[in-house]
6 protein chains.
Amino acid sequence: MSASIELIPGNTLITKTPQEGRELAIKMARLSIKAMQPDAAVRDKLRPDYADDAGLLIDAGQTIAMEFAIIAQANNYWR
Amino acid sequence: MSASIELIPGNTLITKTPQEGRELAIKMARLSIKAMQPDAAVRDKLRPDYADDAGLLIDAGQTIAMEFAIIAQANNYWR
Amino acid sequence: MSASIELIPGNTLITKTPQEGRELAIKMARLSIKAMQPDAAVRDKLRPDYADDAGLLIDAGQTIAMEFAIIAQANNYWR
Amino acid sequence: MSASIELIPGNTLITKTPQEGRELAIKMARLSIKAMQPDAAVRDKLRPDYADDAGLLIDAGQTIAMEFAIIAQANNYWR
Amino acid sequence: MSASIELIPGNTLITKTPQEGRELAIKMARLSIKAMQPDAAVRDKLRPDYADDAGLLIDAGQTIAMEFAIIAQANNYWR
Amino acid sequence: MSASIELIPGNTLITKTPQEGRELAIKMARLSIKAMQPDAAVRDKLRPDYADDAGLLIDAGQTIAMEFAIIAQANNYWR
């Protein structure tokens, strides 16, 4: 992993709304993949492997839920 | 992902009842899939891949449990 | 998903005992599957796919643990 | 699932020690499987499928961790 | 499972440091496997199945993370 | 596992920023793999198995999320 890659956009888990929190969850999940596979060409090649595969879409959806759980807690659920 | 897609219906995790919380969990899980695969035709084609597959149904059920855990916490378990 | 399907029996996460909480966890896991695959004939056909498969039984057992974690928290662990 | 099956031995999550908590986690995981596959002969037949399979043993180990997380929380980590 | 197998070394989740907590997480994960597959010869035979398999190593790494989450919470994160 | 392997860099879960916390999550996930497969040559050989595989990248991303959840909690979400 390149030491300089941004992993948390804005370097904060705090967002204004649940919607923005969910968008951050998706970005964080994607930046993890980027950290592990920095080659954009490879990532582009892999994209249809999961976007057209029901099982991998479900798995990726679970990652989003996991990231969002952290963000929601950080924001005290925007209560 | 389109920047404009709605990820959290109503932009809140607060619901009146556990039943509504569970419905929100299902919607949030589906909107994650939609964010990753915005093409409705592809999603429709993938649907029988999981709805008729015991393993994928179980995986999707785990996603619902994960989303619901967040929502239940946000609502202090409707106690 | 039919808008009218019951997802949380009794519409509460509160139960009298851990045993009842665990039974609720199993029911909630099953109702998620029902929401995603409303056709009872298909569900019946899929049942032996997982009930006779060690891996899928383990996965389904994890779903029960996930649902029960939520219910146990809601009930303050019946302490 | 038979309505009468015991899912939580002793109907409590409270144990005296971490060791007993871990044993309870294993029992709860097994009772989930029993609830989904009540036929002991089938369960016996499936046992070598996972006990001799590295991947399924890891999956089953994750179930134990998930159950134990609930029990440890219930017991305030035996602090 | 043999009733006498040690599942939590030292019968406590409390450790002096995060490093020791992580070592405990690894030990607990291994003792779960041992409880399910008490035959050392079989475990030894399965070892290369996962140690040389990227997917199973990732799965086993998730188990460690799950066990460590419990231990870290028990130790109030060694703050 | 060698008793001397470092599992938590710096032997603390406390970091200055979310970015550093995420980097720690990635390192902890990698050190788990190293503890289970200490042979660097084998790990190098396995690397393309997951870095070029959409499913394994998603799984590894989930591990990062799991580790980060612990670290974020330890740091009170850097609020």
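Thresholds applied
- Residues numbered from 1 in each chain as written.
- Chains lettered and ligands numbered in written order.
- Predicted model: local features only at pLDDT ≥ 70, side-chain atom pairs only at ≥ 80, totals over all residues.
- Heavy atoms only, no water.
- Phe/Tyr/Trp six-rings, centres within 6.5 Å; stacked < 30°, edge-to-face > 60°.
- Helix = DSSP H or I, 4+ residues; strand = E, 2+ residues; numbered from the N terminus.
- Buried < 20%, exposed > 50% of the residue type's maximum accessible area, 1.4 Å probe, protein only.
- Lys NZ or Arg CZ within 6 Å of the ring centre and 35° of its normal.
- Axes fitted to C-alpha atoms, helices over the stretch in contact; angles between N-to-C directions.
- Parallel < 35°, antiparallel > 145°, perpendicular 65-115°, else oblique.
- Contact = heavy atoms within 4.5 Å.
- Nonpolar A, V, L, I, M, F, W, Y, C, P; charged D, E, K, R; others polar.
- Buried area = accessible area lost by both parts, 1.4 Å probe.
- Salt bridge = Lys/Arg side-chain N within 4 Å of Asp/Glu carboxyl O.
- Polar contact = N/O pair within 3.5 Å; in protein donor to acceptor, adjacent residues only side chain to side chain.
- Core = buried A, V, L, I, M, F, W, Y, C linked by side-chain atoms within 4.5 Å.
- Least-squares fit on C-alpha atoms with pLDDT ≥ 70 in both.

J.: Would you mind showing me how to read the packing of aromatic side chains here?
T.: Pairs of aromatic rings are described using the distance from one ring centre to the other and the angle between the two planes. Evaluated as defined, the whole model comprises six aromatic pairs over all chains. Geometrically, the ring pair formed by A:Phe68 and A:Trp78 is stacked, given 5.7 Å between the ring centres and 15 degrees between the ring planes. One end of the pair, A:Phe68, is in helix α3 (residues 54-74); the other, A:Trp78, is in the segment after α3, and 10 residues separate them in sequence. On the basis of relative accessibility, which here comes to 0%, the residue A:Phe68 falls in the buried class. Residue class for A:Trp78 comes out buried when judged on its relative accessible area of 17%. Its end group placed over the ring of D:Phe68, D:Arg22 keeps NZ or CZ at 4.9 Å from the ring centre.

J.: Before we go on, may I ask you to explain the packing of helix α3 (residues 54-74) of chain E against helix α2 (residues 40-51) of chain F in this structure?
T.: What describes two packed helices is the angle between their axes and the distance between those same axes. Look at α3(E) against α2(F): their axes get within 9 Å of each other, and the N-to-C directions meet at 85 degrees. In terms of their interaxial angle, α3(E) and α2(F) are classed as roughly perpendicular. Across the interface between the two elements, E:Ala54, E:Leu57 and E:Ile58 from α3(E) touch F:Leu46, F:Asp49 and F:Tyr50 from α2(F). When its residues are assigned to classes, the contact of α3(E) with α2(F) shows five nonpolar, no polar and one charged.

J.: Help me understand the interface of chain B and chain C in this model?
T.: Interface size, as often reported, equals the accessible area lost upon joining of the parts. Taken together, the contacts link 29 residues of chain B with 33 residues of chain C. For the pairing of chain B and chain C, the buried interface totals around 2500 Å² over both sides, and the portion due to carbon and sulfur atoms is 67%. If you sort the residues of chain B by the area they bury against chain C, B:Arg22, B:Ile58 and B:Tyr77 come out on top, with a joint share of 23%. Across the contact surface, chain B and chain C share one salt bridge. Counting across the interface, chain B meets chain C through 13 residue pairs in polar contact (both at pLDDT 80 or more). When residues in the side of chain B that touches chain C are grouped by element, the largest group, 14 residues, is from helix α3 (residues 54-74) of chain B. Along the lines of polarity and charge, the residues of the side of chain B that touches chain C split into 16 nonpolar, five polar and eight charged.

J.: What's the story with the nonpolar core in this structure? I'm lost.
T.: One broad trend across soluble globular proteins is that nonpolar side chains are buried collectively. Counting residues in each nonpolar core, the largest one holds 160 residues, and the members touching the most others are A:Leu13, B:Leu13, C:Leu13, D:Leu13, E:Leu13 and F:Leu13. Setting aside its immediate chain neighbours within four residues, B:Leu13 contacts A:Phe68, A:Ala72, A:Tyr77, A:Trp78, B:Ile8, B:Leu24, B:Met28, B:Ile70, B:Ile71, B:Ala74 and B:Asn75. With 12 residues, the next largest nonpolar core counts A:Ala65, A:Met66, C:Ala65 and C:Met66 among its residues.

J.: Please clarify how the arrangement of the chains should be interpreted in this entry.
T.: With respect to C-alpha atoms, chain A approaches chain D no nearer than 15 Å, and the pair has no contact. With respect to C-alpha atoms, chain A approaches chain E no nearer than 13 Å, and the pair has no contact.

J.: Teacher, can you tell me more about the relation of the copies chain B and chain A here?
T.: In this arrangement, two copies of a chain are superimposed by a rotation about an axis accompanied by a shift along the axis. Aligned on chain A, chain B shows an RMSD of 0.0 Å; the corresponding rotation is 60 degrees and the shift along the axis is 0.0 Å. Classification of the inter-copy transformation places it as that of a six-fold axis. Here only 15% of the interface residues in chain B have copies in chain A that are interface residues too; the copies meet through unlike faces.

All we've got here are geometric facts, nothing functional implied.
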